[in-house]
Amino acid sequence: MQQKKLINHFNNLYPYILISLIAFFINYHYGFVGLMPMDNTVLYNGGYRVLKGFTPFNDYWLVTGPILDYLTAFFFYIFGISWKSFIIHSSTFNLILSLGVYHLLTKLGLKKFFSIFYAILVAILFYPVVGTPFVDHHSTFFLILAYFCFAYSCYYQNPKYFRVIPIIFCLAFLAKQTPSIYGLFGMFFLISIYCIIYRNFLRETLLNFVVGTLIAIAFVVLFFFLTGINIKNFFDQYIFFASSIGEYRFSNYQLSLMDVFVKFKFINIFNLSLIFLLFFYYKKFEKYKNDFFLILIFLTLSLTLIFHQFYTLNQNFIFFLIPLLCSIVHFSLEKNFKKKKLTILLILVCIFAVGKYHLRFNEQRKFNELENVNLNLALNSDKISKDLKGLKWITYEFPDNPKKELEGIKDIMNIISKEKQKKMIITDYQFIAPSLRIYDNSPNQWHHPGVSFPLSNNNYFEEYKKFFVNIIFKKELKVIYETINEKENTITGLILDKDCFNQTRVHEMMVKLELSQNCEDFN
């Protein structure tokens, strides 16, 4: 009897162990293969800043979610400041999402083998495409969990999950404004329909949702209280300025349905399958009411993420939807249609698509702009810092000569470390300050002109300029170092008048700007 209990316990436990190991270590592996200097290191520096007591929005201008800086700081606190700890962060979230997929599918009733199968496929295409913690991925992670809770609540008519949804949306929004805000609109649409369809649960649903909303509000208030984030700075940077960038994109990008269909053709194959199922269930609504709503939830989630992907400037990252949507179609076909041949065909399409995007995004590192780079040329990064041990260094900046880039970084780190005057460092290589165990005093988290911070043609430029100058005076800074090539303009030059600094090139990868107090911007 005892042996039988142990066997049953193992049978229940082993899928979680298997999925956890695969999901964690596949991302852990690819997180050490090449990088895009700014995008892959910006949160590394953000976590270091928070760990050292600095505050987003107060000490540095931020247009993406602050929650990732605090999460990275937590992993640094537990495991130490290193690339290893950084990748443990993203690998852990890849693991959690994969377990969430498995848990949902088994609770819906899909067979254990296929639930494991789809969870692993999602793990292959979710976080490994970028490897490092990334704002879009974290916001999407929380958004998906919110929709999972909603799906489980609706399918089993358990309104208690509505308490959790508002809290998860808060986390999604604090990771990044979009896709969380798009997902919130989709959720309101679904809740409205839910309240019409499930009128018997209306009172209990709304009560739980209100309770969850109050808890979410309390969480946000507590978060701002504990972190000391200035509310005005938060709204100026994260809401008002960021929304002005979004408005520009919406007014200049033209949505082409044909382009969207072709670009995400494999996702749309399963979207069309969901639409077919939706119409079928609608015709026999009373019998398939729960199935109808389940399909509608995942179709809304898919369309929301496609919409976000189209309007974001980042590389494509939503191909993990292919196995996720396939699992829902598979579940529906197996439960209500018994169409084994069609199910097998869709599984084969799913496997082909996952294999294709695995090779392109994981093996060739397309997300990090390394698709046409020979990754075999990558070198060990511990030559510039022991904190980067294990990272195979190669970037799109020096694709054919990573050794030259590493030697250049080592040179500029030596120059910075020898500088005795109080300094600011503005660089795409945002691991430099953490590696030297200094604070860079940079006014920005990100360094994309016009997107990460306002330029002179933006209504928030004067606000930002004041923020920039205040940092210089508050920290009594004398020099600014910027890593740029000879063809680039300095960020400082985009903000301050040329009379405010004297620029000299101290390395082919870096310039030094000595600040002058005798300029109009400082008066």
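Please refer to the structure placed before this passage.
Figured I'd write up the structure that's included with this text. (Residues numbered from 1 in each chain as written. Predicted model: local features only at pLDDT ≥ 70, side-chain atom pairs only at ≥ 80, totals over all residues. Heavy atoms only, no water.)

## Some details on the overall build of the protein
- Scanning the protein from terminus to terminus reveals 19 helices and 6 strands.
- Its C-alpha atoms give the protein a radius of gyration of 25 Å, within 12% of the compact-globule value 24 Å for 523 residues.
- With 523 residues in all, the protein has 57% of them scored as buried.
- Nonlocal contacts in the protein, meaning residues at least 24 apart in sequence, comprise 74% of its contacts between residues at least 6 apart. (Helix = DSSP H or I, 4+ residues; strand = E, 2+ residues; numbered from the N terminus. Rg over C-alpha atoms; globule rule 2.2 N^0.38 Å. Buried < 20%, exposed > 50% of the residue type's maximum accessible area, 1.4 Å probe, protein only. Contact = heavy atoms within 4.5 Å.)

## Some points on the pattern of salt bridges
- The full count for this structure, using the stated rule, is 11 salt bridges.
- Note that Glu-463 and Lys-232 form a salt bridge whose closest N and O atoms lie 3.3 Å from each other. Residue Glu-463 is located in helix H18 (residues 461-474), and its partner Lys-232 is located in helix H10 (residues 231-252); the two are separated by 231 residues in the primary sequence.
- Here Glu-463 falls in the partly exposed class, since its relative accessible area comes to 31%.
- Taking relative accessible area as the criterion, Lys-232 reaches 49% and is therefore assigned partly exposed. (Salt bridge = Lys/Arg side-chain N within 4 Å of Asp/Glu carboxyl O.)

## A short note on the packing of helix H7 (residues 165-175) against helix H8 (residues 177-197)
- One can describe the packing of H7 onto H8 by two numbers: an axis separation of 8 Å at closest approach and a directional angle of 150 degrees. With respect to H8, the axis of H7 lies roughly antiparallel. Across from Ile-165, Phe-169, Ala-172 and Phe-173 in H7, the residues of H8 making contact are Gln-177, Ser-180, Gly-183, Leu-184 and Met-187. (Axes fitted to C-alpha atoms, helices over the stretch in contact; angles between N-to-C directions. Parallel < 35°, antiparallel > 145°, perpendicular 65-115°, else oblique.)

## Some words on helix H14 (residues 321-336)
- Under the 1.5 Å per step criterion, the end-to-end length of H14 is 22 Å for 16 residues, consistent within 8% with the ideal 22 Å.
- Extensive coverage of H14 is indicated by the burial of 13 of its 16 residues.
- The first or second residue beyond H14 is Lys-338, which carries a positive phi of 55 degrees. (Expected span 1.5 Å × (residues − 1).)

## Details of the environment of Leu-214
- For Leu-214, the position within the fold is in helix H9 (residues 202-227).
- Owing to a relative accessible area of 54%, Leu-214 belongs among the exposed residues under this scheme.
- Considered as a pair, Leu-214 and Arg-163 are 51 residues apart in the sequence and their alpha carbons are 9.2 Å apart.

## Observations regarding the environment of Phe-241
- As for its placement among the helices and strands, Phe-241 is situated in helix H10.
- C-alpha separation for the pair Phe-241 and Asn-441, spaced 200 residues apart in sequence, amounts to 21 Å.
- Residues contacting Phe-241, with those up to four places away along its chain left out, are Trp-61, Val-63, Asp-236, Gly-450, Val-451, Ser-452, Phe-453, Pro-454, Asn-458 and Tyr-460.

## Considering the state of the cysteines
- Taken as a whole and judged by the stated rule, the model has 1 disulfide.
- The partner cysteine of Cys-500 in its disulfide is Cys-519, sulfur to sulfur 2.1 Å. Taking the sign of the S-S torsion, about 95 degrees here, the bridge from Cys-500 to Cys-519 comes out right-handed. Of this pair, Cys-500 sits in the loop between helix H19 (491-495) and strand S5 (501-507) while Cys-519 is found in the segment after strand S6 (510-515), placing the two residues 19 residues apart along the sequence. (Disulfide = S-S within 2.5 Å.)

## Focus on the nonpolar core
- Within the largest apolar cluster, 149 residues are counted, with the highest numbers of intra-cluster contacts made by Phe-150, Phe-293, Phe-298 and Phe-320.
- Top element by residues in this core is helix H6 (residues 135-155). It accounts for 15 residues.
- Residues in contact with Phe-298, not counting those within four places in the same chain, are Leu-104, Phe-148, Ala-151, Leu-274, Leu-324, Leu-325 and Ile-328.
- By size, the runner-up hydrophobic cluster in this structure holds 27 residues, among which are Phe-467, Ile-471, Leu-477 and Phe-522. (Core = buried A, V, L, I, M, F, W, Y, C linked by side-chain atoms within 4.5 Å.)

## Topic: the sheet that holds strand S4 (residues 479-482)
- Pairing is mixed across the open sheet formed by 4 strands, whose spatial order is S3-S4-S6-S5. Both edges of this open sheet fall to strand S3 (423-426) and S5, since each of them pairs with a single strand only. Each strand of the sheet is rotated relative to its neighbour by a mean of 20 degrees, with strand direction disregarded.
- Relative to S4, S3 is paired through 4 bridges, and the arrangement is parallel. From the neighbouring strand, Ile-426 faces S4, where its bridge partner is Glu-482.
- Here helix H16 (residues 402-418) sits on the sheet and contacts S3, S4, S5 and S6; the angle it forms with S5, its principal contact strand, is near 130 degrees. (Pairing = 2+ DSSP bridges.)

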